[in-house]
Amino acid sequence: MSDSQSGNMTMNSNLEGKTAIVTGGGRDIGRACALRLAAAGAAVAINYHNSGEGADSAANQIVAAGGNSFSQQGDMTSDDDVAKLITKTLSELSNRIDIVVHVTGGLVARRTLEEMEIDHWNRVMDLNATSFLRVVKCAVPHMTNGGSIVGFASQAGRDGGGPGAMAYAASKGTVMTMTRGLAKELGPAIRVNSVCPGMIDTDFHNVFTKPEVRKHVANITPLKREGSSEDVANLVAYLASDQAAFVTGANIDINGGTFFS
């Protein structure tokens, strides 16, 4: 059992003194990222939309371990809610932001081309790509030299996704291209990278992927398993740290070898 699952936090302090924001931090990968960054010494602002219990418990766990954290509800497709998150981070944790991890996103629903409505397309793009733009645009004026932004793309952004996931895949492909463009625009002061998870054991796949498909994917994966939220959080913590000081504009696969880009 991992430290974040068991409730224990092992501090390694390579992010000591840093202030981080994690959007979508109330469950699964986002929650694991918040706990992992805190374990490395960062103060962490945790945004959530619906997963208040998970976000609150993560913030409480961080504080109980001697760290600094708060959780705040907000819709990252709302400019006002984004601004409130940034403002509270600056007032309660630090007068600067060092790390932004934008996990907010989702499939919403599977829609084939025949079933596709423009409203659905726009909703998925707004949730996955435009929310990333909103958060980055609001946070960057308060970020320090040496700051790091980590976005969330997906294996779907590389391979087009599964049945009915065209809108989702397109939105994640947009995140990947934004990552490259932002890296050029914000460097050298701020590094920008994104991660591309494959089959990770989360509620996302509990809702949208059939059990037999998950079993098949795990069986054909060289590592013979689904990934865990903690696997992804470890990669995010590396990208957020100075250990990744020469990595920017990268969209990094984490899929156990299912797909090679």
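From a predicted model like this one, the values you see are computed outputs, not experimental measurements.

Turning our attention to the overall build of the protein. Each helix and strand counted, the protein has ten helices and seven strands in total. Relative to the globule expectation of 18 Å for 261 residues, the C-alpha radius of gyration of the protein, 17 Å, shows essentially globular dimensions. Overall, the C-alpha framework of the protein stretches about 50 × 40 × 35 Å when taken along its three principal axes. Looking at the 261 residues of the protein, the share that counts as buried comes to 50%. As presented, the protein carries roughly 11900 Å² of accessible surface, and 51% of it is formed by carbon and sulfur atoms. Of the charged side chains in the protein, 22 are positive and 26 negative, and the gap between their average positions amounts to 4 Å.

Below, the discussion takes up unusual backbone geometry. With an omega dihedral of 5°, the bond running from G187 to P188 counts as a cis peptide bond. Following the sequence through the fold, P188 ends up in the loop between α7 (166-186) and β6 (190-197). With a phi close to 50°, D28 is a non-glycine residue in the positive phi region. Within the fold, D28 resides in helix α2 (residues 28-39). The phi dihedral of K224 falls on the positive side, at around 60°, and the residue is not glycine. Inspection of the secondary structure puts K224 in the loop between α9 (211-220) and α10 (229-240). On the basis of relative accessibility, which here comes to 56%, the residue K224 falls in the exposed class.

Quick look at empty space enclosed by the protein now. By the definition in use, this model includes one cavity of 30 Å³ or more. Taken as a whole, the largest cavity spans an internal volume of roughly 30 Å³. For the largest cavity, the full set of lining residues is L15, K18, D98, I99, T144, G146, G147, A240 and D242. Only β4 (97-102) and β5 (143-152) provide two or more residues apiece to the lining of the largest cavity. If one sorts the elements of the lining of the largest cavity by residue count, β5 sits on top with three residues. A class-by-class count of the residues in the lining of the largest cavity yields three nonpolar, three polar and three charged.

For strand β3 (residues 69-73), a buried count of four out of five residues is recorded, marking the element as mostly surrounded by other parts of the structure. Note that the unit made of strand β2 (residues 43-48), helix α3 (residues 52-64) and β3 has a crossover that is right-handed.

With that settled, the discussion passes to the side chain of E226. With respect to the helices and strands, E226 occurs in the loop between α9 and α10. Among all residues touching E226, those that are not within four sequence positions of it are M199, D201, R214 and A218.

Here we come to the sheet that holds strand β1 (residues 19-23). Taken in spatial order, the seven strands of this open sheet run β3-β2-β1-β4-β5-β6-β7, and their pairing is parallel. Each end of this open sheet is capped by a strand with a single partner; those strands are β3 and β7 (251-254). Along the sheet, successive strands turn relative to each other by an average axial angle of 15°, direction set aside. Where β2 and β3 come together, five bridges link them in parallel fashion. The partner of I46 across the bridge, within β3, is S71. On the sheet, helix α5 (residues 118-139) packs against β1, β4 and β5 and is oriented at approximately 175° with respect to β4.

For helix α4 (residues 79-92), with 14 residues, the first-to-last C-alpha span of 20 Å sits near the 20 Å given by 1.5 Å per residue. Buried within α4 are the following residues: D81, V82, L85, I86 and T89. Buried residues in α4, looked at end-on, bunch into an arc of 140°, giving them a common side. Across from the buried face of α4, at angles greater than 90 degrees, the exposed residues are D79, D80, K84, T87 and S91.

Here is what the cut-offs are and how they apply
Residues numbered from 1 in each chain as written. Predicted model: local features only at pLDDT ≥ 70, side-chain atom pairs only at ≥ 80, totals over all residues. Heavy atoms only, no water. Helix = DSSP H or I, 4+ residues; strand = E, 2+ residues; numbered from the N terminus. Rg over C-alpha atoms; globule rule 2.2 N^0.38 Å. Buried < 20%, exposed > 50% of the residue type's maximum accessible area, 1.4 Å probe, protein only. Areas by Shrake-Rupley, 256 points an atom, 1.4 Å probe, with all protein chains shown as cover. Lys, Arg positive; Asp, Glu negative; His and termini not counted. Charge placed at Lys NZ, Arg CZ, Asp CG, Glu CD. 1 Å grid on protein atoms, 1.4 Å probe; cavity = no way out; pocket = protein on both sides within 12 Å on 5 of 7 lines; lining within 4 Å. Points joined across faces, edges and corners; volume = space filled by probe spheres on them. Nonpolar A, V, L, I, M, F, W, Y, C, P; charged D, E, K, R; others polar. Right-handed = clockwise from strand over helix to strand, strands pointing away. Contact = heavy atoms within 4.5 Å. Pairing = 2+ DSSP bridges. Axes fitted to C-alpha atoms, helices over the stretch in contact; angles between N-to-C directions. Expected span 1.5 Å × (residues − 1). Arc of directions from axis to C-beta.

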